[in-house]
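# Fold and contact review
The chain contents come next:
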Amino acid sequence: ANVRAQMGSYEERLASFAAVQHPIDPERLARAGFYSTGARDMVLCFRCDGGLKGWQPEEDPWEEHAKHYPGCSFLLAEKGQEFVNNIQLQDPRR
Ligand SMILES: [Zn+2]
(Lines give C-alpha, C1' and ligand atoms only; values in the text may rest on other atoms or scores of the structure.)
Protein backbone atom coordinates (compact mmCIF):
# COMPACT_ATOMS: atom_id res chain seq x y z
CA ALA A 1 0.00 0.00 0.00
CA ASN A 2 1.02 3.59 -0.60
CA VAL A 3 1.92 5.04 2.81
CA ARG A 4 1.59 8.63 1.68
CA ALA A 5 -1.95 8.05 0.34
CA GLN A 6 -3.04 6.47 3.65
CA MET A 7 -1.67 9.46 5.51
CA GLY A 8 -4.26 11.72 3.93
CA SER A 9 -6.34 10.87 6.99
CA TYR A 10 -5.76 12.80 10.23
CA GLU A 11 -6.38 9.63 12.27
CA GLU A 12 -3.74 7.67 10.33
CA ARG A 13 -1.22 10.46 10.78
CA LEU A 14 -1.91 10.69 14.51
CA ALA A 15 -1.58 6.90 14.88
CA SER A 16 1.88 7.04 13.25
CA PHE A 17 3.15 8.84 16.38
CA ALA A 18 1.91 6.17 18.80
CA ALA A 19 5.36 4.68 19.42
CA VAL A 20 7.36 7.91 19.00
CA GLN A 21 8.63 10.36 21.63
CA HIS A 22 8.26 13.69 19.85
CA PRO A 23 9.08 17.16 21.27
CA ILE A 24 5.91 18.49 19.60
CA ASP A 25 2.34 17.45 20.43
CA PRO A 26 1.45 14.74 17.85
CA GLU A 27 -2.07 16.16 17.45
CA ARG A 28 -0.60 19.48 16.30
CA LEU A 29 1.79 17.71 13.91
CA ALA A 30 -0.98 15.50 12.47
CA ARG A 31 -3.29 18.51 12.02
CA ALA A 32 -0.53 20.27 10.06
CA GLY A 33 -0.33 17.31 7.64
CA PHE A 34 2.66 15.52 9.16
CA TYR A 35 3.14 11.87 10.00
CA SER A 36 6.03 10.13 11.73
CA THR A 37 8.60 8.19 9.73
CA GLY A 38 9.56 6.34 12.92
CA ALA A 39 13.12 7.70 12.66
CA ARG A 40 13.72 9.98 15.66
CA ASP A 41 11.71 13.22 15.28
CA MET A 42 11.59 13.08 11.47
CA VAL A 43 8.16 13.80 10.00
CA LEU A 44 6.84 13.98 6.43
CA CYS A 45 3.90 15.87 4.93
CA PHE A 46 1.40 13.53 3.24
CA ARG A 47 0.74 16.09 0.49
CA CYS A 48 4.05 17.77 -0.43
CA ASP A 49 6.31 15.00 0.93
CA GLY A 50 8.30 17.71 2.72
CA GLY A 51 10.44 16.34 5.56
CA LEU A 52 11.29 18.11 8.82
CA LYS A 53 13.49 17.08 11.75
CA GLY A 54 15.48 18.67 14.57
CA TRP A 55 12.30 20.04 16.17
CA GLN A 56 12.51 22.51 19.07
CA PRO A 57 9.71 22.36 21.69
CA GLU A 58 8.61 25.94 20.99
CA GLU A 59 8.22 25.45 17.25
CA ASP A 60 4.80 25.48 15.59
CA PRO A 61 4.11 22.74 12.98
CA TRP A 62 2.10 25.03 10.69
CA GLU A 63 4.76 27.76 10.83
CA GLU A 64 7.56 25.30 10.06
CA HIS A 65 5.49 23.87 7.19
CA ALA A 66 5.04 27.38 5.76
CA LYS A 67 8.68 28.29 6.33
CA HIS A 68 10.15 25.30 4.51
CA TYR A 69 7.43 24.18 2.06
CA PRO A 70 5.45 27.32 1.15
CA GLY A 71 4.13 25.76 -2.08
CA CYS A 72 2.34 22.84 -0.37
CA SER A 73 -1.27 22.68 -1.57
CA PHE A 74 -2.52 21.23 1.76
CA LEU A 75 -0.87 24.07 3.67
CA LEU A 76 -2.34 26.68 1.31
CA ALA A 77 -5.83 25.13 1.43
CA GLU A 78 -5.84 24.95 5.25
CA LYS A 79 -4.05 28.17 6.21
CA GLY A 80 -4.29 30.42 3.15
CA GLN A 81 -1.74 32.35 1.12
CA GLU A 82 -1.64 35.29 3.55
CA PHE A 83 -0.51 33.07 6.45
CA VAL A 84 2.27 31.63 4.27
CA ASN A 85 3.34 35.07 3.07
CA ASN A 86 3.53 36.38 6.64
CA ILE A 87 5.71 33.45 7.74
CA GLN A 88 7.98 33.92 4.75
CA LEU A 89 8.40 37.62 5.56
CA GLN A 90 9.25 36.83 9.20
CA ASP A 91 11.94 34.30 8.33
CA PRO A 92 15.33 36.02 8.88
CA ARG A 93 17.09 33.41 6.73
CA ARG A 94 15.45 34.72 3.55
ZN1 LIG B 1 3.09 19.87 2.88
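This write-up is about the structure you can find in this document.

## A short note on the coordination of the zinc ion
Around the zinc ion, the protein supplies Cys-45 (SG), Cys-48 (SG), His-65 (NE2) and Cys-72 (SG) as donor atoms, at distances of 2.1 to 2.3 Å. Every donor counted, the four donor atoms about the zinc ion form angles of 104 to 118° at the centre, which fits tetrahedral coordination. Donor residues binding the zinc ion come from one chain and are separated in sequence as C-x2-C-x16-H-x6-C.

## Section: helix α4 (residues 61–68)
Along α4, the residues classified as buried are Pro-61, Trp-62, Glu-64, His-65 and Ala-66. Contacts from the buried residues of α4 go to α3 (26–31), β1 (34–36), β2 (43–45), β3 (51–52), α5 (73–79) and α6 (81–90). Here α4 starts with a cap whose side-chain oxygen sits 3.1 Å from the backbone nitrogen of Trp-62, and that cap is Asp-60.

## Section: the nonpolar core
One finds Leu-29, Phe-34, Val-43, Trp-55 and Leu-75 to be the most contacted residues of the largest nonpolar core, which totals 20 residues. For this core, the elements supplying multiple residues, two or more each, are β1, β2, α4, α5 and α6. For Trp-55, the residues in contact, after removing those within four places along its chain, are His-22, Pro-23, Ile-24, Leu-29, Phe-34, Asp-41, Val-43, Asp-60, Pro-61 and Glu-64.

## Details of the sheet that holds β3
Within the open sheet, the three strands sit side by side as β1-β2-β3. Their pairing is antiparallel. The open sheet is flanked by β1 and β3, the only strands paired with a single partner. Bridging between β1 and β2 involves three bridges; their strand directions are antiparallel. From the neighbouring strand, Tyr-35 faces β2, where its bridge partner is Leu-44.

## Some details on the environment of Lys-79
Tracing the backbone through its elements, the reader meets Lys-79 in helix α5. In sequence terms Lys-79 and Phe-46 are 33 residues apart; their C-alpha atoms lie 16 Å from each other.

## Quick look at the pattern of salt bridges
Under the defined criterion, the tally for this structure stands at three salt bridges. Note that Glu-27 and Arg-31 form a salt bridge whose closest N and O atoms lie 3.5 Å from each other. A residue pair is termed a helical-turn pair when its members lie 3 or 4 positions apart in one helix, as Glu-27 and Arg-31 do in helix α3 at four residues. The partner of Arg-28 in a salt bridge is Asp-60, and the shortest N-O contact between them spans 2.8 Å. Separated by 32 residues along the polypeptide, Arg-28 in helix α3 and Asp-60 in the loop between β3 and α4 bring together distant segments of the chain. A relative accessible area of 31% means that Arg-28 is categorised as partly exposed.

Parameters and conventions
- Residues numbered from 1 in each chain as written.
- Predicted model: local features only at pLDDT ≥ 70, side-chain atom pairs only at ≥ 80, totals over all residues.
- Heavy atoms only, no water.
- Donors = N, O, S within 2.8 Å, 3.2 Å for Na, K, Ca; no water.
- Tetrahedral: all angles 85-135°; square planar, octahedral: opposite > 155°, others 65-115°.
- Buried < 20%, exposed > 50% of the residue type's maximum accessible area, 1.4 Å probe, protein only.
- Helix = DSSP H or I, 4+ residues; strand = E, 2+ residues; numbered from the N terminus.
- Contact = heavy atoms within 4.5 Å.
- Polar contact = N/O pair within 3.5 Å; in protein donor to acceptor, adjacent residues only side chain to side chain.
- Core = buried A, V, L, I, M, F, W, Y, C linked by side-chain atoms within 4.5 Å.
- Pairing = 2+ DSSP bridges.
- Salt bridge = Lys/Arg side-chain N within 4 Å of Asp/Glu carboxyl O.

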